[in-house]
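Next come the chains, spelled out residue by residue.
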Amino acid sequence: MAILTAGNKQFLLDGEPIQLLSGAIHYFRVVPPYWEDRLLKLKACGFNTVETYLPWNLHEPKEGEFNFSGLADVEAFVALAGNLGLHVIVRPSPYICAEWEFGGLPAWLLQYPSMKLRCMDAMYLQKVDRYYDELIPRLKPLLSTNGGPILAVQIENEYGSYGNDTAYLTYLRDGLISRGVDVLLFTSDGPEDGMLQGGTVPGTLATVNFGSQPEEAFEKFRQYREDEPLFCMEYWNGWFDHWLKPHHTREAGDVADVFDRMLRAGASVNFYMFHGGTNFGFYNGANYQEKYEATITSYDYDSPLSECGDVTEKYSAVRKVIANHLGKTVEELPALPAPIQKKSYGQIALTEKADVLESLPYLTKPIQHVTPVSMEHLGQDYGFIVYSTQVSGPRVGEKLHMQEVHDRAQIFLDGVYQGTVERWDPRPLQMDIPAGGAKLDIVVENMGRINYGPRLRDCKGITEGVRMNNQFLFDWTIHPLPLDNLAAVPFERVGAVTKAEVRTDVGTDVTTKACSAEASSTSNCLDRPTLYRGEFVVDETGDTFVKLAGWSKGVVWINGFNLGRFWEKGPQNTLYLPAPLLQTGRNEIIVLELHHTENAVIELTDTPDLG
């Protein structure tokens, strides 16, 4: 049994002074077979502690249905860290931010329109309590007071950046205590007056988060907590990336200098991130300051350990600082594990395809609704959603308006692509409707719910309505498209004639009408969401990177596992494919291309490209 206490400006572990040197590794952003490799590299760098968030939406993906296996096996991760000789800090706060979808809150909370998030709202607290009743008993045996490695637990995350309901923070704290959490509890906030006033609880340890100017940050902290130890709970030594923006980097020497100054001040430090990992599947978050910006698939974060677990220049610089601080040489620190092999498997032709709009009957069941409604209204969490209606004609030069589309809508008229409306650029499309009317299909992508700030309530799909000029369109057929199971997709050989390419003068389902003879060679005719499938054989597995030169935008699956999104607009140009997701022998790869590719070929290369 070990007990961490705080007081007299220092931490004590079983009565002996300790400086916590911690690094963040999120178990849910790393495939489980690599947990040990990443933890050993943390230890080899000189750290004595690992920190992780716990995302509620991963552990309770559907209301009342819990998941603690695979990527969600937090108990195995914490136990492994302890077995390797590391202390653990866990941050199970219902909200985690973390550039993670909806800040870790489950999407199904948005089915309750009157619920208020992150405050003393009775309905919200009822949902939190049910989750904690399932989660906390799993963590309790892993607490240091019960012989486990967990030294400290966070009660909420950067709450002062969101609200000032201290009764809510007290409720969460008392709920942890009543469930048997008897280790050190803490809050973490930015080093600003409002944040420290709104996000802290009297009698509970406070910590601060920042990336530079540690002297100023700790001075502000001291104005509120005179006797507590200094702890930078999030040292932002790198940063995350948004689509359409440059890749972030930070110079290793600058990171090492700021870190060294904190250590010399006697502070404990948690690197956010030590190893960023990957936003697999549809779990990336988004931000909204002046406009909506979605986070990319990679969560490399320019961390000391890269997305694929490689040691970087920043790692070496940090390791030297820790060695010097401990009075050791780098050689006296634990040895590094062997590097993980990278493999280049070359080009792979995707020889089968399926038009997504044609395949809807195999993927989903239609729902009739008077108006377009959000994903959450239909119980859908992630992926895509298709809205279809008939528009009367003739109408010449009218404008089609997507009223609050979240987040990216592709528009088709009688199956022909008309253009894209994006949340951050919601300009209407000019449309000509023929005398006989036309079928309108709208494919909307949920690009990730907002994870930080005042706009957390971020429903997806068409959230208000669709208008031709000022006239709202009613009577819709809606197809939820979570794409969580592609087994039923009717793939055909590339080059085979599909329904969409056959001239159809008469038919009830005009979605599958072909382009006219004059238009059949234009990109508008070819620009339709399409699933491509291929196979490749692996003799020896190794880490590799999916390169999609010539592809536009979409999603990649390997052996049924959703690797995440790609987009030619960058900054990210490859997707990380860890070796444990491959199998010796035959492997399947599926690519959803939302627009068009001239050549259905991907490449598996041994070199990442994050822009």
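This text goes with the structure placed above it.
These figures come from a predicted structure and were not determined experimentally. (Residues numbered from 1 in each chain as written. Predicted model: local features only at pLDDT ≥ 70, side-chain atom pairs only at ≥ 80, totals over all residues. Heavy atoms only, no water.)

> Could you give an account of the sheet that holds strand β20 (residues 416–422), naming the residues involved and the relevant values?
Here we have 6 strands laid out as an open sheet, ordered β16-β25-β17-β22-β19-β20, and antiparallel in their pairing. Because the sheet does not close on itself, it has two edges, and the strands there are β16 (367–369) and β20. Shown here is a sheet whose adjacent strand axes are inclined to one another by a mean of 25°, direction ignored. Where β16 lies against strand β25 (residues 476–481), 3 bridges are found, and the strand directions are antiparallel. In the sheet register, His 369 faces β25, and the bridge partner there is Trp 476. (Pairing = 2+ DSSP bridges. Helix = DSSP H or I, 4+ residues; strand = E, 2+ residues; numbered from the N terminus. Axes fitted to C-alpha atoms, helices over the stretch in contact; angles between N-to-C directions.)

> Help me get a handle on the sheet that holds strand β21 (residues 429–433), residues and values and all.
Within the open sheet, the 4 strands sit side by side as β21-β18-β23-β24. Their pairing is antiparallel. The strands lining the two open edges of the sheet, one partner per strand, are β21 and β24 (471–472). Bridge analysis of strand β18 (residues 395–406) against β21 gives 4 bridges, and the strand direction is antiparallel. The residue bridging Glu 398 from the neighbouring strand is Met 431, located in β21.

> So what's going on with the pairing of strand β7 (residues 150–157)? Which residues, and what values?
Across the 8 residues of β7, 8 count as buried, placing the element largely inside the fold. With 3 bridges connecting them, strand β6 (residues 87–91) and β7 associate as parallel partners. Considered in β7, the bridge of Ile 89 is made with Ala 152. Crossover connection from β6 via helix α4 (residues 122–139) to parallel β7: handedness right-handed. With 4 bridges connecting them, β7 and strand β8 (residues 184–189) associate as parallel partners. Looking at β8, one finds that Ala 152 is bridged to Leu 184. (Buried < 20%, exposed > 50% of the residue type's maximum accessible area, 1.4 Å probe, protein only. Right-handed = clockwise from strand over helix to strand, strands pointing away.)

> Explain the environment of Ile 3 residue by residue, including any values.
With respect to the helices and strands, Ile 3 occurs in the segment before β1 (4–7). Sequence separation of Ile 3 and Leu 13 is 10 residues, and the distance between their C-alpha atoms is 5.6 Å. Here Ile 3 is in contact with Leu 12, Leu 13, Asp 14 and Thr 145, once residues within four sequence places are set aside. (Contact = heavy atoms within 4.5 Å.)

Just geometry here; none of it tells us what the structure is for.
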